[in-house]
Amino acid sequence: VDLTCSHSADFGANARVEWKYNDLKGSQTYVFFDGKATTPYAERVTKFDGNVRFSKVTRKDNGVYDCEVSGNGKFGEVKVNLTVLVPPSPPVCRIPTSVTTGWKTVLSCYDMDGSPPPTYKWYKNGILLPENPSQFPAFKNATYKLNPRDGNLVLSSPSKMDSGQYYCEAINDAGPPQSCRVVKMEVRDRNVGGIVAGVIVALLLLVLLALGLWYANKKGYLPKKSESKPKPSVVYQPPSLYGGGDEEEDGEFRQKSSFVV
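Residues numbered from 1 in each chain as written. Predicted model: local features only at pLDDT ≥ 70, side-chain atom pairs only at ≥ 80, totals over all residues. Heavy atoms only, no water.

Our focus in this paragraph is the nonpolar core. Ile95, Leu107, Trp122, Leu129, Leu153, Tyr166 and Met185 are the most contacted members of the largest nonpolar core, which totals 20 residues. Going through the elements one at a time, strand E11 (105-110), strand E12 (119-124), strand E14 (144-146), strand E15 (153-155), strand E16 (164-172) and strand E18 (183-188) are the ones with two or more residues in this core. A total of four residues in this core trace back to one element, the largest contributor, which is E16. For Leu129, the residues in contact, after removing those within four places along its chain, are Trp122, Lys124, Phe139, Tyr144, Leu146, Leu153 and Tyr166. Of all hydrophobic cores here, the second largest spans 19 residues; its members include Val45, Val69, Val80 and Leu82. (Core = buried A, V, L, I, M, F, W, Y, C linked by side-chain atoms within 4.5 Å. Buried < 20%, exposed > 50% of the residue type's maximum accessible area, 1.4 Å probe, protein only. Helix = DSSP H or I, 4+ residues; strand = E, 2+ residues; numbered from the N terminus. Contact = heavy atoms within 4.5 Å.)

Here's what the structure looks like:
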C-alpha cells in the first residue's frame, strides 16, 4: 500500500517531508521523523520520494495520515485517509431465551474484525426488521428501536407478539455478510401468583418464628436476664489526729478507723 505526497519546487531541493498518523480515537504519532521511520513502523514501512509504502497493513492502521512539507520558509500539509478492507466475521450475538412482558430488553450484536466497521441487520422468524418500523404497515404496532451502527435491538416494552427466532447479520463492503446463530426468544407474562405466594410464605415464617419465641420464653427455655445487683460501696473514715471524745480515760492517744460496707 502506497501513500503519496508530492510537492512543488518552491519548497527547495532539500524540502523536509514528515508523516504523522492520527488513529480513530484522535491520538497522533510520527510515522517518519527526521527522515527515519519510527519504531512501530521501522520493519514494514519505507519511504521513497516523500511517499510512504507499507509492506503489510492491518485494520489497526485505519486512520488519517498527515504529510507535512517544509522548506524555503514555506509549509504545506496534505491528509490521506487509509481504510484497510477486512471482511466481517460471524458476529457475537446476545439474545435472551426468556423475557418478561413489559421489561426492557436489549439484543446485542457485534463484530470486532470487519473493516470498515460493519453495519448490522436484525431478523425475526427469517423476516428483516426495518430500521424505521413506523414506515411499514406490517410493523406499525412494533415498539422496538434498532441501531444499525452499534447493532443493538431494544425492546422497550416487549409483549408476547415479540416472541420468535432472532438472529443478526454484519455487513461491510470488504466481503460477504456474516450472521450469528438463530436463537428462540420467548416472552412470558409476569408470574404475579408466584410473587404473592412468596410474600405469604415469608409472612407465615415470620409469624411462626414469633410464636416460637413467645412459647420458648413462656416455658422458660430462653435464658432470663440476670438482675443487676448494686455494687458494694466502701467508705473510709480517716483516723482522728487530735484528741477528743474518743480518747481513753487514761489520756492515751489511740488511732481508730472504721469501714462501712
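Moving on from the model shown.
A word on a nonpolar patch on the surface. Taken together, Val201, Leu205, Val207, Leu208 and Leu211 make up a surface patch of nonpolar side chains, about 480 Å² in accessible area. Here Val207 lies in helix H1 (residues 192-218). The partly exposed category is assigned to Val207, whose relative accessible area is 46%. (Patch = residues over 30% accessible without salt bridge, like charges linked within 9 Å, V, L, I, M, F, W, Y side chains within 5 Å. Areas by Shrake-Rupley, 256 points an atom, 1.4 Å probe, with all protein chains shown as cover. Salt bridge = Lys/Arg side-chain N within 4 Å of Asp/Glu carboxyl O.)

This brings us to the pattern of salt bridges. Pairing between side chains becomes possible if they bear opposite charge and their charged atoms approach one another. Taken as a whole, this structure holds eight salt bridges when the rule is applied. For Glu18, the salt bridge goes to Arg16, with nearest N and O atoms at 2.5 Å. Here Glu18 falls in the buried class, since its relative accessible area comes to 9%. Residue Arg16 is classed as partly exposed on the basis of its relative accessible area of 38%. For Arg44, the salt bridge is made with Asp61, and the minimal N-O distance between the two is 2.8 Å. One end of the pair, Arg44, is in the loop between strand E4 (36-37) and strand E5 (45-48); the other, Asp61, is in the loop between strand E6 (51-54) and strand E7 (63-71), with 17 residues separating them in the sequence. For Asp61, a relative accessible area of 3% gives the class buried. Several salt bridges share partner residues, and in doing so they unite Asp66, Glu77 and Lys79 into one network.

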